[in-house]
Amino acid sequence: MNEIKMTQIRVEEQDKKNRQGQSPSFFIHTFGCQMNESDSEHIAGLLISQGWQKVELPEKSNLAIINTCAVRAKSVDKFLSLLGRLKEIKKKRDLKIAIVGCVAQLEGENLLKLRPEIDYIFGPDNYLEILKIINHQAKAVATNWSHQWREHPLTQIHRESQVSAYVPVMEGCNNFCTYCIVPFVRGREKYRPARMILEEIKRLADQGFLEVQLLGQSITSYHDPESGKPLAELLQEIAQIDGLIWIRFITSHPKNLSKEIAQVMATEKKICRQLHLPVQSGSNSILKKMNRGYTREEYLEKIAMLRELMPDISLSTDIIVGFPGETEKDFEATLRLLEEVRFSNIFSFRYSPRPLTAASRWVDDVPFEVKRRRLIDLQNQQKKIQLENNATLVGQIMNVLCIGRSQKTPHLYCGRNEAHQVINFASPIEVVNKMVKVKITSFGPYSLQGELVAE
Ligand code: 5AD
Ligand code: SF4
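This is a predicted model, so every value here is computed, not measured. Each chain has its residues counted from 1, running along the sequence as written. Written order decides the labels, with chains lettered from A and ligands numbered from 1. Only residues with pLDDT of 70 or above have their local features reported here, since the model is predicted, and side-chain atom pairs are shown and tallied only from 80 upward, although totals for entire chains, interfaces and linings are computed over all residues. Computation of side-chain values covers all heavy atoms of the structure but excludes hydrogens and water.

By convention in this text, a residue qualifies as near a molecule or strand provided that one of its non-hydrogen atoms is within 4 Å of it. Taken together, V71, R72, Y179, Q280, D318, I320, F349, R350, Y351, S352 and R354 form the complete shell of residues around ligand 1. Interatomic distance of 2.6 Å between a side-chain N/O atom of D318 and an oxygen atom of ligand 1. In the environment of ligand 1, a nitrogen atom lies 2.7 Å from a nitrogen or oxygen atom belonging to the backbone of S352. Note on areas: Shrake-Rupley with a 1.4 Å probe; residue coverage comes only from the protein chains shown. For ligand 1, whose accessible area on its own is 400 Å², the fraction buried by protein is 86%. N or O atoms within 3.5 Å of each other form a polar contact, as long as, within protein, one can give a hydrogen and the other can take it, and as long as residues adjacent in sequence are counted only when both atoms are side-chain atoms.

The following block contains the structure:
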């Protein structure tokens, strides 16, 4: 069937549904990082602004969207498993399937050929065209790169939280760490003009949002494309916006985390004293092979600089174990670094070769069993550190931004403190979306427990 005829049928179907008072519905599932979560909020906003309805089950949708992550092999496996489920649903009912995000950009046309159940493929630079394409084409691939920032309409964002908002400030990455697929699927760095960022945040503050999380894959390289001002100055300006309580930014790169950024964090109360600073490895030879652009010693100097200005700063990191050539000695250097820094949280991964990256051309020579054991050892050591850190917090009263009910124990509320730790707490009054004071009563390695303190 030709495309025009298909389009005609689609339009007629839509008319029929509209006459019956049924608006079309979409389901969206997001894998991966906060940038993907933010993109999904943008896509959902575009659809909702055109009368679409968001549903929680793909079985109830006319359009099922998967926002994919390509960073690790595991996230791609998870995407394929959800795609399998959608294929089964599509056998029973009329369903369009759209794949967006990093796997969509990476595989493009191939994915459509390999998996005929897919109808649309959209790369991260093509979301603004989604509506036009799904309204006029039966099948399509849109994975064109844009070399400039494309501003999303601020009134067309469907935010998952009413209190904490993601605000993208840049996209892409120029660092080319040898294990990382991001520069190939998100492209080179593109910076959002500061005036647009400030406009969005002022609007959020007026709407009652209490927290903003600025997003960028390598956010410490941000500078305003119009004036050249760096991240430190942008943070300073955002901190002057009335109404906001907390400002965070992720993800920082140690090599361009400047003293100016640390100084703004130290002097502006609204900027959370919390930083995610991926180190990836504690061994200089591995850091070099990873093309990280700093040594273990330089990383530790940055930590010392941060702690000198902010002794109470909360630090988290990312670690990869089993990178090509990683010896037992290299791994031990990572364990020692964790002991030295004593992060409040880490995200740790077994290395997996990713397409297009430099490291994927090297032999993946650390056996799976060794990677597995290193990951367990690393996580066990870190668990001990977190238990020791968290034990010191019992009895403290801290500000907590309540984001909802605890999933495991629904009679408790769940929130985060300034250090971005998860806190489950009891409260006799409804406190969702409020900033409250909580007294810490007990702890585990990965979360704290407490109770509401009356103001
Ligand atoms: N294998 C394992 N982990 C990876 N990461 C990125 N690429 C890979 C890979 N090929 C991890 C890094 C990064 C985090 C987002 O994912 O630790 O900081
Ligand atoms: Fe990937 Fe390195 Fe860029 Fe982070 S800084 S997104 S790890 S290439």
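Turning next to the pattern of salt bridges. Only one rule defines a salt bridge in this text: a Lys or Arg side-chain nitrogen within 4 Å of an Asp or Glu carboxyl oxygen. For the coordinates displayed, the defined rule picks out 27 salt bridges. The shortest N-O distance in the salt bridge between R342 and E388 comes to 2.6 Å. Here the residue R342 occupies a position in the loop between α13 (328-341) and β14 (345-350), and E388 occupies one in helix α14 (residues 368-391), the gap between them amounting to 46 residues. Think of it in three bands: residues with accessible area under 20% of the maximum for their type are buried, residues over 50% are exposed, and the middle band is partly exposed, with areas taken using a 1.4 Å probe on protein chains only. Here R342 falls in the partly exposed class, since its relative accessible area comes to 27%. Every helix listed is a DSSP run of H or I at least four residues long, and every strand listed is a run of E at least two residues long, numbered separately from the N terminus.

Moving on, we get to the packing of aromatic side chains. Only rings of Phe, Tyr and Trp enter the pairing, Trp through its six-membered ring, and a pair is recorded when the two centres are within 6.5 Å. The plane angle decides the type: under 30 degrees is stacked, over 60 is edge-to-face, the rest tilted. Scanning all chains against the criterion turns up eight aromatic pairs. For the pair F176 and F184, a centre-to-centre distance of 5.5 Å together with 75° between the ring planes defines the contact as edge-to-face. Among the residues examined, F176 registers a relative accessible area of 31% and is labelled partly exposed. Classification of F184 as partly exposed rests on a relative accessible area of 27%. Placement of a charge over a ring requires the Lys NZ or Arg CZ to be within 6 Å of the ring centre, with the centre-to-atom vector within 35 degrees of the ring normal. In this arrangement the basic side chain of R72 is found over the ring face of F349, its NZ or CZ atom lying 3.7 Å from the centre. Of note, R405 hangs over the ring of Y413, and the distance from its end group to the ring centre comes to 4.3 Å.

Domain delimitation follows an automatic or database domain assignment. Each assigned domain of the chain is listed here: domain 1 (5-142) and domain 2 (397-452). The centre of domain 1, based on its C-alpha atoms, is set 35 Å off from the matching centre of domain 2.

Moving on, we come to the environment of K139. Structurally, K139 is set in the loop between α6 (130-136) and β6 (140-142). Exposure remark for K139: the relative accessible area of 35% places this residue in the partly exposed category. On a C-alpha basis, the gap between K139 and Y120 in space is 5.5 Å, while along the polypeptide they are 19 residues apart. Polar contacts involving the side chain of K139 include one to the main-chain carbonyl oxygen of P116, which spans 2.9 Å. Only 2.7 Å separates the side chain of K139 from the backbone oxygen of I118, close enough to count as a polar contact.

Bringing unusual backbone geometry into the picture now. In this structure, T251 follows I250 across a cis peptide bond, with omega equal to 0°. In this model, F176 sits at a positive phi of 50°, which is unusual for a non-glycine residue. Here F176 lies in the loop between β8 (170-171) and α7 (182-185). Here the phi dihedral of N291 falls at roughly 60°; this positive angle occurs in a residue that is not glycine. Turning to its location among the elements, N291 is positioned in the loop between α11 (284-290) and α12 (296-309). Using a relative accessible area of 38% as the deciding quantity, one classes N291 as partly exposed.

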